[in-house]
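# A look at the structure
What follows is each chain in one-letter form.
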Amino acid sequence: VTFGDARKNQFVRENPLLLINLYGLLFIGQVLSLNAFGFDRAAAQLYFLAPVPFETVLKAKNLAAGALIFLQAATTLLIALLARIPISPRAILDAAAATAVVALLFLSLGNLMSVAAPRPLDPKQTLRRQAGGKTQLWLLLCSLAMFLLIGFGFLAQWALDTHWALLGVLALEFAIGLIFYRVALDSAVERGLRNRERIIDALSKGASPIGIGT
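Note that the structure is predicted; figures quoted are calculated from it, not measured.

### Details of the overall build of the chain
A tally of regular secondary structure across the chain gives nine helices and zero strands. Its helices and strands in sequence order give the chain the pattern α-α-α-α-α-α-α-α-α, from N to C terminus. Counting over 214 residues, the chain shows a buried share of 42%. For the chain, the share of sequence-separated contacts (at least 6 apart) that also reach a separation of at least 24 residues comes to 82%. On the chain, roughly 12200 Å² of surface is accessible, and the fraction owed to carbon and sulfur atoms is 69%.

### Some points on a nonpolar patch on the surface
On the surface, Leu137, Leu140, Leu141 and Leu144 cluster together into a nonpolar patch covering about 370 Å² of accessible area. Tracing the sequence through the fold places leucine 141 in helix H7 (residues 133-160).

### As for the environment of leucine 172
Here leucine 172 shows up in helix H8 (residues 163-194). Look at leucine 172 and you get exposed, because its relative accessible area is 53%. When the C-alpha atoms of leucine 172 and glycine 153 are compared, they prove to be 9.9 Å apart, with 19 residues separating the residues in sequence.

### A closer look at the confidence of the model for the chain
Taken over all residues, the pLDDT of the chain has a mean of 82, while the share at 70 or more is 85%. At the level of individual helices and strands, the chain shows its lowest average pLDDT in helix H6 (residues 127-130), which scores 54, and its highest in H8, which scores 94. Across residues 207-214 the pLDDT falls below 50, and counting only partners more than four positions away or on other chains, this stretch makes 15 contacts in the model.

### Observations regarding the environment of phenylalanine 70
Following the sequence through the fold, phenylalanine 70 ends up in helix H4 (residues 54-82). Exposure remark for phenylalanine 70: the relative accessible area of 62% places this residue in the exposed category. Considered as a pair, phenylalanine 70 and alanine 103 are 33 residues apart in the sequence and their alpha carbons are 9.7 Å apart.

### Quick look at the pattern of salt bridges
The full count for this structure, using the stated rule, is four salt bridges. Between glutamate 55 and lysine 59 there is a salt bridge; the shortest N-O distance is 3.1 Å. Here glutamate 55 and its partner lysine 59 are both found in helix H4, four residues apart, which amounts to about one turn of the helix. For glutamate 55, a relative accessible area of 24% puts it in the partly exposed group.

### Some thoughts on H8
With 32 residues, H8 should reach 46 Å at 1.5 Å per residue; the first-to-last C-alpha distance of 46 Å fits that figure. In this structure threonine 162 caps H8, since a side-chain oxygen of it lies 3.3 Å from the backbone nitrogen of tryptophan 164.

Conventions and cut-offs
Residues numbered from 1 in each chain as written. Predicted model: local features only at pLDDT ≥ 70, side-chain atom pairs only at ≥ 80, totals over all residues. Heavy atoms only, no water. Helix = DSSP H or I, 4+ residues; strand = E, 2+ residues; numbered from the N terminus. Buried < 20%, exposed > 50% of the residue type's maximum accessible area, 1.4 Å probe, protein only. Contact = heavy atoms within 4.5 Å. Areas by Shrake-Rupley, 256 points an atom, 1.4 Å probe, with all protein chains shown as cover. Patch = residues over 30% accessible without salt bridge, like charges linked within 9 Å, V, L, I, M, F, W, Y side chains within 5 Å. Salt bridge = Lys/Arg side-chain N within 4 Å of Asp/Glu carboxyl O. pLDDT = per-residue confidence, 0-100. Expected span 1.5 Å × (residues − 1). Polar contact = N/O pair within 3.5 Å; in protein donor to acceptor, adjacent residues only side chain to side chain.

So this is what it looks like as structure tokens:
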């Protein structure tokens, strides 16, 4: 076993929750945030016609996505505890902080992507088969951004030889993420209202039936 392999194995043993949560965010990200209107189809028409502001619609979708992300993280922790996988309180804290940072990034970019490149989704088909070139590019960029955000934290921890460096970097990234979320939300609302006809038209296309519209 080489030194690099040993360090890698040690990282995996110390951060199982973090790795599982980040993989889960990548796996469900397109449904929860990156393509928030994909399964709505006909309901998307109502979002632009109802008296409820479009900003409220996006916030509600983000809140629902956040609840599911929390449920995923809590379920992962519960299974790990029931399976008696050795997990330290520090690992739980790291996983929670990293998941919050990445989730905020996905929600921010997802709000923009949901109005810039809306795509209908058929629950009977895999997401990979339905993702277009632009969607695949967005997913790649989100994945790279996720690894960079978390990587900076662990790099700071290694450079300064203290766990507080990791938490400090994640806290700073979360604070910046809140500002970015606000800016991205305003931009998504403005673009969504400006391109409402195009968004509805894009979501109405596809092989699966759209259902009863408004």
